[in-house]
Number of protein chains: 2
Amino acid sequence: MLGEGRSETLAGHGPKVVTQQIARTIEDAISAAGVQASDIAGVGCGMPGRMDVNGVILWSPNFPDIEGFPLVSEVSGRIGLPVWMENDVNVAALGEFQFGAGKSVQSLVMLTLGTGIGGGIILNGQLWTGFNSGGAEIGHSVVNPGGRKCGCGNHGCLEAMAQRDAIIERAALKMQSGQKSTLAEEVDYQIDKITPALVAKHAASGDQLSLDTLAETGHWVGIGIANMINILNPEMVIVGGGISQAGDALWKPMLRGAYAYAIYESRVVCQIVPAELGDNAGIMGGVALVLKAMGR
Amino acid sequence: MLGEGRSETLAGHGPKVVTQQIARTIEDAISAAGVQASDIAGVGCGMPGRMDVNGVILWSPNFPDIEGFPLVSEVSGRIGLPVWMENDVNVAALGEFQFGAGKSVQSLVMLTLGTGIGGGIILNGQLWTGFNSGGAEIGHSVVNPGGRKCGCGNHGCLEAMAQRDAIIERAALKMQSGQKSTLAEEVDYQIDKITPALVAKHAASGDQLSLDTLAETGHWVGIGIANMINILNPEMVIVGGGISQAGDALWKPMLRGAYAYAIYESRVVCQIVPAELGDNAGIMGGVALVLKAMGR
């Protein structure tokens, strides 16, 4: 990694400003790396939502203004370099596959646990992005119909059961029931101060409320993992995203859930491992996108 | 289709007898077709369970004696022809893909509804069979944790919620609650006389108990279909197997369930269609296996 840039997307200001912010970030990274634009073979990007093969954004719930906008060609035109773009979690999966936890396998499923739950699927060494770039929305597979309402409008999606807000709600409910807890003391019984990181911290020091919160969350993620093992029989499932760093309090019940619901013959060959590249998975996946486009 | 043969597997008599029965069926089909064995390029087979790339059976819950047995080489040795074998639902998916409902697409998911619920996945025109031949066990993805017990030991698998016995149980429960019904009259309130075909027949003539039974079943299959659309974004989902022939009483709630839970952008491009080849899907998939092995 030679250099980095970082900017706000300023999505509320519309696609032209987003284009400018992306271009600026790329230019910042190039100058931080101390190289010239002419040294750069290409730019690989990750973007939430789905885009067509020409890089026109089809659907981006967090940036609705950008739908229909030819983001790839606009960014490329502005920086004068070829640009390849993919869904952000797909790019992260590609990064882990080529440079991280998945280096040694040819098939994997990646899940990212955070504000949402994203998915990426690699089969036969290739990203499967679906017929119209909507593949691997594993977070929106239903694991508990009638369960918690999801941002997508349905109930009981894996994302609804295990994302950031689900964890906070779970902890809040237990807190409101009067359960004693060091987490509750730290946030002074104020629900809006609960964060998954705080829950993880108190779980690690033995707080039962926090342990239970992460155990329930891990159980749902485990069912989601088992479903992917049963449906795709991959060599590896990689779990990343901020919430995946919650430690054994999350991982043990998650693995128990996965083992309980996955077919024995498929799960004994499937490694379930943490992501290795952290926030850099997407960046390294961008590198992989460019290498692939160049046939390397 | 030039000729057919049909024999019992006699699985209870062990793998040698099964081998003999398979060989006999192949010889019967050859002679019914009025051709010579020397005219045959190869034999394609479908088999429940999973087998390794050399045709050794790894897992076959209905024929446990056959696990570890080199079925492909034994059959091949006996008939003197090359043999290719795959999981039976995978072969059926391949048949529908190459010769049936899926002829015009490059990605599809097939579900077969019957005693069990089987799955087959075709991506980029290729069967995805998983890392160790366990792929596409879609029937054992969990859609309702805590739901009905499955043959696999878990609770709430798609199979447990929508297979043959689940339909019978659903109708029986309603019957026991005293609901008036032409189905109940036909079976004389005897639960062991209920069959999915009878339920479908009475649903078609407006029997509310039968309609409700199939509506609940269809709803679960619809959730299973939605999950596959969200996870894989295929061009097509094909629904086959005996129970798929239960008509609108099953299909309408199934499509409603699929549409309710699938991501809009992915489901509008995904055709959800009945299988076209019926019992011949596996046979035509066998043909496809041989053609593929021959590079055609």
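Since this is a predicted model, take the numbers as computed values, not measurements.

**What about the overall build of chain A?**
Point 1. Regarding its fold elements, chain A presents 11 helices and 9 strands.
Point 2. Taken over C-alpha atoms, the radius of gyration comes to 20 Å for chain A, in line with the 19 Å a tight globule of 296 residues would show.
Point 3. Principal-axis analysis of the C-alpha atoms gives chain A an extent of 60 × 45 × 35 Å.
Point 4. In the structure as shown, chain A presents an accessible area of about 12500 Å², 50% of it carried by carbon and sulfur atoms.
Point 5. In chain A, the 19 positive side-chain charges and the 28 negative ones have mean positions that sit 2 Å from each other.

**Describing helix α3 (residues 88–99) of chain B**
Residues and elements named next belong to chain B.
Point 1. The first and last C-alpha atoms of α3 sit 16 Å apart over 12 residues, in line with the 16 Å expected at 1.5 Å per residue.
Point 2. Among the 12 residues of α3, 9 are classified as buried, and the element is accordingly described as predominantly covered.
Point 3. The complete set of buried residues in α3 reads Val89, Asn90, Val91, Ala92, Ala93, Leu94, Gly95, Glu96 and Phe97.

**So, the sheet that holds strand β7 (residues 126–127) of chain A**
Residue and element names in this part refer to chain A.
Point 1. Spatially, 5 strands are ordered β7-β6-β5-β8-β9 in an open sheet, and the strand pairing comes out mixed. The sheet is open, and its two edges are formed by β7 and β9 (271–274), each paired on a single side.
Point 2. One ladder, built from 2 bridges, connects strand β6 (residues 117–123) with β7; its direction is antiparallel. Of the residues in β7, the one forming a bridge with isoleucine 122 is leucine 127.

**Details of the packing of aromatic side chains**
Point 1. Counted by the stated rule, this structure contains 0 aromatic pairs over all chains.
Point 2. Sitting above the plane of the tyrosine 259 of chain A ring, arginine 267 of chain A keeps its charged end 4.6 Å from the centroid.

**Brief notes about the relation of the copies chain A and chain B**
Point 1. Between chain A and chain B, which share one sequence, the superposing operator has a rotation angle of 180 degrees and an axial displacement of 0.0 Å; the RMSD is 0.0 Å. Here the two chains are linked by the operation of a two-fold rotation axis.
Point 2. A shared binding surface is used by both copies, with 100% of the interface residues of chain A retained as interface residues in chain B.

**Considerations on the pairing of β6 of chain A**
Residues and elements named next belong to chain A.
Point 1. Taking burial as the measure, the 7 residues of β6 include 7 buried ones, the bulk of the element.
Point 2. Burial along β6 is two-sided: Ile117, Gly119, Ile121 and Leu123 and Gly118, Gly120 and Ile122, pointing in opposite directions, are all buried.
Point 3. Sheet topology note: the strand β5 (residues 108–113)/β6 ladder contains 6 bridges and is antiparallel. Counterpart to valine 109 in the pairing with β6 is isoleucine 121.
Point 4. Linkage of β5 to β6, two consecutive antiparallel strands, is achieved through a turn of 3 residues.

**Some thoughts on the pattern of salt bridges**
Residue and element names in this part refer to chain A.
Point 1. Applying the stated criterion across every chain yields a total of 12 salt bridges over all chains.
Point 2. Here lysine 174 makes a salt bridge to glutamate 216, at a shortest N to O gap of 2.6 Å. Remark: glutamate 216 occurs in helix α8 (residues 208–232) and lysine 174 occurs in helix α5 (residues 164–176); sequence separation between them is 42 residues.
Point 3. The exposure class of lysine 174 is buried, given its relative accessible area of 14%.
Point 4. A residue is classified by how much of its surface remains accessible, and glutamate 216, at 31% relative accessible area, is partly exposed.
Point 5. Three or more residues are tied together by salt bridges with common partners; here these are Arg170, Lys174 and Glu216.

**Thoughts on the sheet that holds strand β9 (residues 271–274) of chain B**
Residues and elements named next belong to chain B.
Point 1. Strand order across the open sheet formed by 5 strands is β7-β6-β5-β8-β9, with mixed pairing between neighbours. Among the strands making up the open sheet, the edge pair consists of β7 (126–127) and β9.
Point 2. The strands that helix α8 (residues 208–232) touches are β5 (108–113), β6 (117–123), β8 (236–240) and β9; relative to β5, the one it contacts most, it runs at about 160 degrees.

**Considering the interface of chain A and chain B**
Point 1. Each side of the interface is counted separately: chain A has 41 residues, and chain B has 41 residues.
Point 2. Interface of chain A and chain B: buried area, both sides summed, is about 3400 Å²; carbon and sulfur atoms make up 59% of it.
Point 3. By the criterion of area lost to chain B, the three top residues of chain A are Trp128, Phe131 and Ile231 of chain A, representing 20% of everything that side buries.
Point 4. Seen at the junction of chain A and chain B, the total is 0 salt bridges.

**A look at the confidence of the model for chain A**
Point 1. Of the residues in chain A, 100% have a pLDDT of 70 or more, and the chain-wide mean is 95.
Point 2. Among the scores for the predicted complex, ipTM is 0.93 and pTM is 0.94.

**Considerations on the side chain of serine 181 of chain B**
All names here are of chain B.
Point 1. Checked against the element boundaries, serine 181 lands in the loop between α5 (164–176) and α6 (182–186).
Point 2. Here leucine 183 takes part through its backbone nitrogen, which lies 3.0 Å from a polar atom of the side chain of serine 181.
Point 3. If sequence neighbours within four positions are ignored, serine 181 has contacts with Asp207 and Leu209.

**Quick notes on the environment of leucine 81 of chain A**
All names here are of chain A.
Point 1. Within the secondary structure, leucine 81 is located in the loop between α2 (71–79) and β4 (83–87).
Point 2. Looking at leucine 81, the relative accessible area reads 7%, which means it is buried.
Point 3. For the pair leucine 81 and leucine 108, spaced 27 residues apart in sequence, the C-alpha to C-alpha distance is 31 Å.
Point 4. Not counting residues within four places of it along the chain, the set of residues in contact with leucine 81 comprises Ile30, Ala37, Ile40, Val43 and Ser76.

Analysis parameters
Residues numbered from 1 in each chain as written. Chains lettered and ligands numbered in written order. Predicted model: local features only at pLDDT ≥ 70, side-chain atom pairs only at ≥ 80, totals over all residues. Heavy atoms only, no water. Helix = DSSP H or I, 4+ residues; strand = E, 2+ residues; numbered from the N terminus. Rg over C-alpha atoms; globule rule 2.2 N^0.38 Å. Areas by Shrake-Rupley, 256 points an atom, 1.4 Å probe, with all protein chains shown as cover. Lys, Arg positive; Asp, Glu negative; His and termini not counted. Charge placed at Lys NZ, Arg CZ, Asp CG, Glu CD. Expected span 1.5 Å × (residues − 1). Buried < 20%, exposed > 50% of the residue type's maximum accessible area, 1.4 Å probe, protein only. Pairing = 2+ DSSP bridges. Phe/Tyr/Trp six-rings, centres within 6.5 Å; stacked < 30°, edge-to-face > 60°. Lys NZ or Arg CZ within 6 Å of the ring centre and 35° of its normal. Least-squares fit on C-alpha atoms with pLDDT ≥ 70 in both. Contact = heavy atoms within 4.5 Å. Salt bridge = Lys/Arg side-chain N within 4 Å of Asp/Glu carboxyl O. Axes fitted to C-alpha atoms, helices over the stretch in contact; angles between N-to-C directions. Buried area = accessible area lost by both parts, 1.4 Å probe. pLDDT = per-residue confidence, 0-100. Polar contact = N/O pair within 3.5 Å; in protein donor to acceptor, adjacent residues only side chain to side chain.

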